[in-house]
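What the coordinates show
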Amino acid sequence: MKVAIVHNQEEKTLKILPELMECLASHQIEIDADHPEVVISVGGDGTLLSAFHRFNHRLNEVQFLGIHTGHLGFYTDWRDYELVDMVESLKKNGTSMPSIQYPLLDVVVHYRDKENSGHFLALNESVIRRVGKTMVADVLINDRLFEHFRGDGLVVSTPTGSTAYNKSIGGAILHPELPAFQLTEIASLNNIVFRTLGSSMVIAENDWVTIIPDSADDYHLSVDQLAMGNRDIEKITYRLAAEKIQFVATRHLPFFTRVKDAFIGEV
Ligand code: NAP
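Residues numbered from 1 in each chain as written. Predicted model: local features only at pLDDT ≥ 70, side-chain atom pairs only at ≥ 80, totals over all residues. Heavy atoms only, no water.

Moving on, we come to the site of the ligand. Around the ligand, a shell composed of 17 residues is seen, among which Asp-45, His-68, Glu-125, Thr-163 and Ser-168 lie nearest. His-68 has a polar side-chain atom sitting 2.9 Å from an oxygen atom of the ligand. The contact in question runs from a nitrogen atom of the ligand to an N or O atom on the backbone of Thr-160, over 3.1 Å. Taken together, the residues that form the shell around the ligand break down as 5 nonpolar, 9 polar and 3 charged. Each of domain 1 (2-98 + 249-263) and domain 2 (103-242) accounts for three or more of the residues forming the shell around the ligand. (Near = heavy atom within 4 Å. Polar contact = N/O pair within 3.5 Å; in protein donor to acceptor, adjacent residues only side chain to side chain. Nonpolar A, V, L, I, M, F, W, Y, C, P; charged D, E, K, R; others polar. Domains from an automatic or database assignment.)

Structure, rendered in structure tokens:
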């Protein structure tokens, strides 16, 4: 088996890397930074996001596995003191590794200057906002005008991303077995003149959302950790991606156990 390792620079992470390398070598698991079968992320959920973007051109060939060097995360099934168990489980399952798949978000953006357009995959979410002034945009669902939005911005998230930025702005938590995505407002203006739905919306598998902002050159677009600033965005279309991310599921915590552990704790 061939694995690649993606890690952050935290002290705790750097401390366990030599032990991880030694353990992999003693189990005849090879390191291959370009063509791995399993991508091991060591750090936090943010590190797993980086690992996803590094290998998102090989989603059919790779499975991801997260080791958390802090608390347990949403994309991480192993803790830093469980390296031997983790490597043994990889070795034991070999090429017939159990896996679990999660939905991704497909993002297509067109700029008004026509110089280029962009196509991205998001594991957590994509955010469009205008920092200096109110963002004004038409929101279309399946090419039909749904509402005129005024406010700070809009977040479109995957089910696994629903516990990240989406949750901070009042969106719902979506179980990742649901093939759906969510549109959530950031500080919308609602008064006698301007009206938006106000609630977050869960969009079905075959539907799509298009955002057409008024012309301005200071939109900020992000896709997970990737940030793109100061462009005049003509339109962005969001839909559920054809691709999915696959995680090694030799051990897998139920989703709502993770949610409880992360946000509620002992009851
Ligand atoms: P970061 O500041 O390191 O990450 C922000 C926090 O979000 C970290 O604690 C991270 O967990 C956690 N996180 C990431 N994905 C998550 C998920 N699916 N569910 C629950 N928590 C999650 O920034 P980053 O490493 O560049 O990560 C980018 C992400 O930060 C974005 O995708 C966005 O979701 C999130 N973010 C949140 C807010 C907000 O809540 N107001 C604002 C901006 C961005 P770890 O500590 O395990 O890495």
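Looking at soluble globular proteins, one finds that nonpolar side chains tend to be buried together. In terms of nonpolar packing, the biggest core is built from 29 residues, with Ile-128, Leu-221 and Tyr-238 touching the most fellow members. When sequence neighbours within four positions are dropped, the list of residues in contact with Leu-221 reads Val-109, Tyr-111, Ser-126, Val-127, Ile-128, Leu-226, Ala-227, Met-228, Ile-233, Ile-236 and Tyr-238. Grouped together as the second largest cluster of nonpolar side chains are 20 residues, Val-3, Ile-5, Ile-16 and Leu-83 included. (Core = buried A, V, L, I, M, F, W, Y, C linked by side-chain atoms within 4.5 Å. Buried < 20%, exposed > 50% of the residue type's maximum accessible area, 1.4 Å probe, protein only. Contact = heavy atoms within 4.5 Å.)

Below, the discussion takes up unusual backbone geometry. Although it is not a glycine, Asn-142 sits at a positive phi angle of roughly 50°. The class for Asn-142 is partly exposed, based on a relative accessible area of 25%. Of note, Asn-230 is a non-glycine position whose phi angle comes to about 50°, a positive value. Summarising the element assignment, Asn-230 is placed in strand E15 (residues 226-231). Looking at Asn-230, the relative accessible area reads 60%, which means it is exposed. (Helix = DSSP H or I, 4+ residues; strand = E, 2+ residues; numbered from the N terminus.)

Aromatic rings in a pair are described by how distant their centres are and how their planes are angled relative to each other. Under the criterion given, the structure shown has 6 aromatic pairs. Measuring from ring centre to ring centre gives 5.3 Å for Tyr-102 and Phe-247, while their planes differ by 50°; the resulting arrangement is tilted. Of this pair, Tyr-102 sits in strand E6 (residues 99-111) while Phe-247 is found in strand E16 (residues 233-248), placing the two residues 145 residues apart along the sequence. Here Tyr-102 and Phe-247 have matching classes, each one buried. (Phe/Tyr/Trp six-rings, centres within 6.5 Å; stacked < 30°, edge-to-face > 60°.)

Glancing now at the side chain of Ser-162. Structurally, Ser-162 can be placed in the loop between strand E10 (144-157) and helix H4 (165-168). A polar contact is formed between the side chain of Ser-162 and the backbone nitrogen of Leu-174, at a distance of 2.9 Å. Setting aside its immediate chain neighbours within four residues, Ser-162 contacts Ser-157, Lys-167, Ala-172, Ile-173, Leu-174 and Gln-182.

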